[in-house]
Amino acid sequence: MAFVGKKFPDLTVNAMNEMGDTFKLNILEEAKNNNKKVLLFWYPKDFTFVCPTELHAFQSALAEFEKRNTIVIGASCDTPEVHFAWLNTPKDNGGIEGVTYPILADSNRNLASTLGILDISNETYNDETGVITVDGDNVTYRATYLIDEEGTVFHEGINHMPLGRNVNEFLRLVDAYTHVQEKGEVCPANWEEGKEAMQANAKGTAEYLASNVN
């Protein structure tokens, strides 16, 4: 189910911060109440391999997102306690010590299931036992959501487990969407901050193509 152009699900989930505090966090309310954009990124599991590289990459770019009025939030289906253990594990031992943004602990998988990002397939119901079994790890793919100040999703993307994300692309997308909000122009292919945008009409397209495409 695609959520682009729709409000992010109004669900409250447990979260953990670097201080070891478990608290409730609602992504939709976080955007609307703070009048900020939100970048929510999901990763499969704590204490794995590609995952810590992504969490550190988002931490390294945190100041750039903050300049853009954007909150960064990580998420997986691990428990708050496992998050805190990972937050207290040094980098040289595969940990995420130094990460300061909150991490959702969607251990009951209510939000991940609503978003449809869990690695499950081939659900089978046993008539005799009443048990449902599934194939897959029942953890999330590398899903990313960008949500605007009204709680509307303006980008969603899903990577398979082995494929780490390019954090700079999300900065570019935030810049592009902010340009659309502020200037009323649309952003063509490969647009970056400072480059020419275009009017969303036939004349604008023709003028842009004539001056920018060989």
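Here, every reference points to the structure presented above.
What you are looking at is a predicted structure, and each value in this text was computed from that prediction instead of being measured.

How each quantity is defined
Residues numbered from 1 in each chain as written. Predicted model: local features only at pLDDT ≥ 70, side-chain atom pairs only at ≥ 80, totals over all residues. Heavy atoms only, no water. Phe/Tyr/Trp six-rings, centres within 6.5 Å; stacked < 30°, edge-to-face > 60°. Helix = DSSP H or I, 4+ residues; strand = E, 2+ residues; numbered from the N terminus. Buried < 20%, exposed > 50% of the residue type's maximum accessible area, 1.4 Å probe, protein only. Patch = residues over 30% accessible without salt bridge, like charges linked within 9 Å, V, L, I, M, F, W, Y side chains within 5 Å. Areas by Shrake-Rupley, 256 points an atom, 1.4 Å probe, with all protein chains shown as cover. Salt bridge = Lys/Arg side-chain N within 4 Å of Asp/Glu carboxyl O. Contact = heavy atoms within 4.5 Å. Pairing = 2+ DSSP bridges. Axes fitted to C-alpha atoms, helices over the stretch in contact; angles between N-to-C directions.

Undergrad: I'd like a rundown of the packing of aromatic side chains, residues and numbers included.
TA: Using the criterion set out here, one finds 9 aromatic pairs in the structure. Judged by centre distance (5.8 Å) and plane angle (45°), the rings of Tyr-43 and Trp-86 are tilted. With Tyr-43 in the loop between strand E3 (37–42) and helix H2 (50–60) and Trp-86 in helix H4 (residues 80–87), this residue pair connects regions lying 43 residues apart in the sequence. A relative accessible area of 0% means that Tyr-43 is categorised as buried.

Undergrad: Got a sec to walk through a nonpolar patch on the surface? Specific residues and values, please.
TA: Taken together, the side chains of Ile-120, Tyr-125, Ile-132 and Val-134 make up a nonpolar region of the molecular surface, amounting to roughly 360 Å² of accessible area. Structurally, the position occupied by Ile-132 is in strand E7 (residues 132–135). Classification of Ile-132 as exposed rests on a relative accessible area of 52%.

Undergrad: Can you tell me about the side chain of His-83, naming the residues and giving the values?
TA: Relative to the elements of secondary structure, His-83 occurs in helix H4. Not counting chain neighbours up to four residues away, the residues in contact with His-83 comprise Met-16, Tyr-43, Asp-46, Ser-76, Asp-78, Ile-103, Leu-104 and Ala-105.

Undergrad: Residue-level account of the sheet that holds strand E5 (residues 103–105), with values.
TA: One open sheet accounts for 7 strands, arranged E2-E1-E5-E4-E3-E8-E9; its pairing is mixed. A strand with exactly one partner marks an edge of an open sheet, and here the two such strands are strand E2 (22–26) and strand E9 (153–159). With direction set aside, neighbouring strand axes in the sheet form an average angle of 30°. In terms of strand pairing, strand E8 (residues 142–147) meets E9 through 6 bridges, oriented antiparallel. Residue Arg-142 lies in a different strand from E9, and its bridge partner there is Asn-159.

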